[in-house]
Amino acid sequence: MHKLWMATYKEFLLLKRDFGGLIILFLMPLVLVITVTIIQESTVQHLFTSKIPVLLIDNDSNELSHSIISNLKQNNSFEVVSEIDGRSISEKEANDLVLKGKYKLAIVIPEGLTENLNAKVSQNVAKILNEFDINEDPVLVEKDISIQQIKLYFDPTLQISFRNAIKNGIDNMVSKIETQSIYQVFEEELEIENNAFENSEFISFLEINPQKNNIEIKPNSVQHNVPAWTLFAIFFIIVPLSINIVKEKSQGTFVRLKTNPISYTTILGGKVVIYLLVCLIQFTLMLLVGLYLFPYLGLPDFEINGSYLLLFLVAIFSGLSAISIGILIGTIAETQEQSAPFGATLVVILAAIGGVWVPVFAMPKIMQLFAKISPMNWGLNCFYDVIIRNESFIDIVPEISLLALFFIILLSLAIYYDKVKNTV
Amino acid sequence: MNEVLIDIKQLAKRYKDSDFFAVQPLDLSISKKEIFGLLGPNGAGKTTLISMLCGLLKPTSGIFEIDQLNFKNNKKQIQYLIGVVPQEYALYPTLTAFENLMYFGSMYGIKKKDLKIEIDRSLKELGLSKFSNKKIKTFSGGMKRRVNLIAGILHQPKVLFLDEPTVGVDVQSKNVIIQHLKQLNDSGTTIVYTSHHMIEAQDLCTDVAIIDNGKIIAHNTPQELIRSFDNTTNLENVYLSLTGGELRDYA
């Protein structure tokens, strides 16, 4: 026990003396969680509050195109630009401007859109009325009207998801206009009063947040971001810890320790205690930032629906699994050049498959399988269970057990590797 | 006849992916209270042999016993019996000399109070008392070597292994280290050390073995070795006669 205490105290002194390293260990995760949360929150806000300038080329200049323009102008997401320097824009110019990224989107309304749509709608309505023998002037000859295309030019750098969202928005708007036209023709043909058909949407959406113990579970971006990036930062302990072990080998202290009556398990024990403490301090600082600093930065409140004790329990087991990875890498690696880049890249990969950036359900099937064996995913789910779902200890036991098992297996592997390599 | 402390039988080492034996099967006995010098050019096999005896390297074949104990069955007991002073400064640069010594000393289960007394005494004897609370990274090479030595002897080992303990230090530091080794030997510690310094070995050792290409090519007291060569008055000439004058660069 005394040896473990001395090994722990030595690790404490080594960390304490490395002031620059300490600053990086505690400050950088805070910078990370603040930066990422602000960026993600402001991106969402930006999408709702700012307007995207859209180039519009109206080759129709008729009722329908005017309706589209009017709808676009009323929509909070777009700012319609139909002239540059007082002159209208050609399709070629629009193509070039969007290609260069000066505009994110250009809409080209085809010539005769109103005329063709009206003709098509009238033809369809007349056909229906004929079926019911209501039409006094039956249409005998069906005119061939080609499908009308509204062209959309997108900045090639625009993300697919963003592009799809815009496309869906415009599609929705055009559908509404099309429906209105059908209603209008029916009204005209049946000679009934204007607006006899109710045009308003019949089906709407009502978002209901699930409740637990009569408390509404309403997640916000901060509740998603803080645990995800906190976990990401906790796992970065892999890098300094693996470097610490490799350094012991390169500076010769490990050679001396191997001749001393101390087991590798005890040496590692000291490291586990100190680096777990570092993880918990990191976690506490990030929790405090979420709770007390974020509201001052105009970010949503970081509400923790579950128990703080459970939250720390999750942090402990997540920290232990991160530490076990650092120990295994440090034990196997022979140089810092091997351990540092490998450790850093591994953390990013673990974060990616763990669902820090993209939700696991949105990943390809194969990646979802990897996510199931990722300690970062277990930790993240556990955090969400406590922070958002207000789950109890029993509910998080399976994930906590997996994290504990992961720690034991990797630590045992490191000890076994050292034993095989150094047994005399 | 002196009592044998280290008994080596057919001990050999061939590194992985190497066609040659770094240490060819050798027999050697080192008696209690000896200062045994293992001399040889670079790459001769000195460090490999001493590393096997310290338990740092697994022998390819052969056996050895220290105080009638072998590493396979009595690793812990042997670790308490031996002290090791590696060639590199095996110290934490950002810890003070005292903190380093407290850490390494505590690994032998020495009581905190006794350990402090032992550290203070050793630091004083090696002229480092006033630097006790200075960080190792601020120390000169000679000072580091002396702390390195203290770290290996705090538990008062029965046998002390030193791998080139005076390499790269000034004459003053070297003198202090050598005098301290003599004192330790006088108090009953058996010393096994490797060196390139023939004059130092001639002065210090009670017994020397010259090793080359992994083989012991001469083994006797320094005086006997010198006597066995004509027109020679020092160990360096004996050494050169046995190992040749050509360079021993290796990679």
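To be clear, the structure that these remarks concern was listed above.
Reference entry: report on the structure contained in this document.

What counts as what
- The residue numbers shown here count from 1 along each chain, following its written sequence.
- Note on labels: chains are lettered from A, ligands numbered from 1, in written order.
- The predicted origin of the model limits local features to residues at a pLDDT of at least 70 and limits the giving and counting of side-chain atom pairs to 80 or more, whereas totals for whole chains, interfaces and linings rest on all residues.
- Note that water and hydrogens are dropped before the side-chain values are worked out from all heavy atoms of the structure.
- For this analysis, residues touch if any pair of their heavy atoms sits within 4.5 Å.
- Joining two parts hides part of their accessible area as seen by a 1.4 Å probe, and the buried area is that hidden amount summed over both.
- Salt bridges are counted wherever a side-chain nitrogen of Lys or Arg sits within 4 Å of a carboxyl oxygen of Asp or Glu.
- Side-chain atoms alone can form a polar contact between residues adjacent in sequence; in general such a contact is a pair of N or O atoms within 3.5 Å, and within protein one must be able to donate a hydrogen while the other accepts it.
- Secondary structure is summarised from DSSP: a helix means a run of H or I of at least four residues, a strand means a run of E of at least two, and numbering begins at the N terminus for each.
- We treat two strands as partners when DSSP finds at least two bridges between them.
- Axis lines are fitted through C-alpha atoms, for helices just across the contact stretch, and the angle between N-to-C directions can take any value from 0 to 180 degrees.
- Throughout, a crossing is termed right-handed when the near helix is turned clockwise from the far one, and left-handed when it is turned anticlockwise from it by less than a right angle.
- Classification convention: Asp, Glu, Lys, Arg as charged; Ala, Val, Leu, Ile, Met, Phe, Trp, Tyr, Cys, Pro as nonpolar; all other residues, Gly among them, as polar.
- Three labels apply to residues, based on accessible area from a 1.4 Å probe with only protein chains included: buried if under 20% of the type maximum, exposed if over 50%, partly exposed otherwise in between.
- Crossover handedness is defined by viewing with both strands directed away from the observer: a clockwise path from the first strand over the helix to the second marks the crossover as right-handed.
- Two rings from Phe, Tyr or Trp (for Trp, the six-membered ring) form a pair when their centres sit within 6.5 Å of each other. Planes less than 30 degrees apart are called stacked, planes more than 60 degrees apart edge-to-face, and all others tilted.
- Charge-over-ring placement is defined geometrically: NZ (Lys) or CZ (Arg) within 6 Å of the ring centre, and within 35 degrees of the ring normal.

If you look at the interface, chain B gives 34 residues, while chain A gives 22 residues. When the two sides are added together, the surface that chain B and chain A hide from each other amounts to roughly 2700 Å², 63% of it contributed by carbon and sulfur. Looking only at chain B, the three residues that lose the most surface to chain A are B:Y92, B:Y103 and B:M107, adding up to 23% of its buried area. Connecting chain B to chain A are one salt bridge. For B:E99, the salt bridge identified is with A:R17, shortest N-O distance 2.8 Å. Linking chain B with chain A are twelve residue pairs in polar contact (both at pLDDT 80 or more). Looking at the side of chain B that touches chain A, the elements with two or more residues in it are α2 (71-81), α3 (97-106) and α5 (141-153) of chain B.

Pairing between sheet strands relies on hydrogen bonds along the backbone, with the strands arranged either parallel or antiparallel. Residues and elements named next belong to chain B. Spatial ordering of the open sheet is given by β2-β1-β4, a layout of three strands whose pairing is antiparallel. The open sheet has two edge strands, β2 (23-31) and β4 (61-66), and neither has a second partner. On average, each strand axis in the sheet is inclined to that of its neighbour by 10°, with strand direction left out of account. Looking at chain direction, strand β1 (residues 4-13) and β2 are connected through six bridges and run antiparallel. Note on β2: the bridge partner recorded for L11 is L26. Running over the sheet, helix α1 (residues 46-54) touches β1, β2 and β4 and is turned about 120° from β1.

Here we come to the packing of helix α7 (residues 221-235) of chain A against helix α11 (residues 308-332) of chain A. Residues and elements named next belong to chain A. The interhelical angle for the contact between α7 and α11, taken along N-to-C directions, is 35°, at an axis separation of 9 Å. When the axes of α7 and α11 are compared, the crossing they make is right-handed. For the pair α7 and α11, the contacting residues are L231, I234 and F235 in the first and S318, G319, S321, A322 and I325 in the second. Residue classes in the contact of α7 with α11 are distributed as five nonpolar, three polar and no charged.

Residue and element names in this part refer to chain B. Buried residues dominate α1, accounting for eight of its nine residues. Within the sequence span of α1, burial applies to K46, T48, L49, I50, S51, M52, L53 and C54. Looking one or two places after α1, you find G55, whose phi comes out positive at around 85°.

Attention now moves to the environment of B:L240. Within the secondary structure, B:L240 sits in helix α9 (residues 235-243). Counting along the chain gives 149 residues from B:L240 to B:L91, while the straight-line C-alpha distance between them is 35 Å.

Residues and elements named next belong to chain B. Most of strand β6 (residues 159-163) sits out of view: five of its five residues are buried. As defined by bridge partners, strand β5 (residues 82-85) adjoins β6 across four bridges and the pair is classed as parallel. Along β6, the bridge assignment pairs V85 with L162. When β6 meets strand β7 (residues 190-195), the two strands line up parallel, connected through five bridges. Each residue of the ladder has a partner; that of F161, found in β7, is V192. A crossover links β6 with its parallel partner β7, the connecting element being helix α6 (residues 171-186), and its sense is right-handed.

Further remarks concern the packing of aromatic side chains. Inspection of every chain in the model, using the stated rule, returns 14 aromatic pairs over all chains. Judged by centre distance (6.2 Å) and plane angle (20°), the ring pair of A:W5 and A:Y9 falls under stacked. Here the residue A:W5 and the residue A:Y9 both occupy positions in helix α1 (residues 2-17), the gap between them amounting to four residues, near one helical turn. A residue is classified by how much of its surface remains accessible, and A:W5, at 53% relative accessible area, is exposed. Chaining the aromatic ring pairs together yields one cluster made of A:W5, A:Y9 and A:F12. Directly above the ring of B:F104 sits A:R256, whose terminal nitrogen or CZ lies 5.1 Å from the centroid. The ring of B:F21 has B:R14 lying over it, and the distance from NZ or CZ to the ring centre is 5.3 Å.

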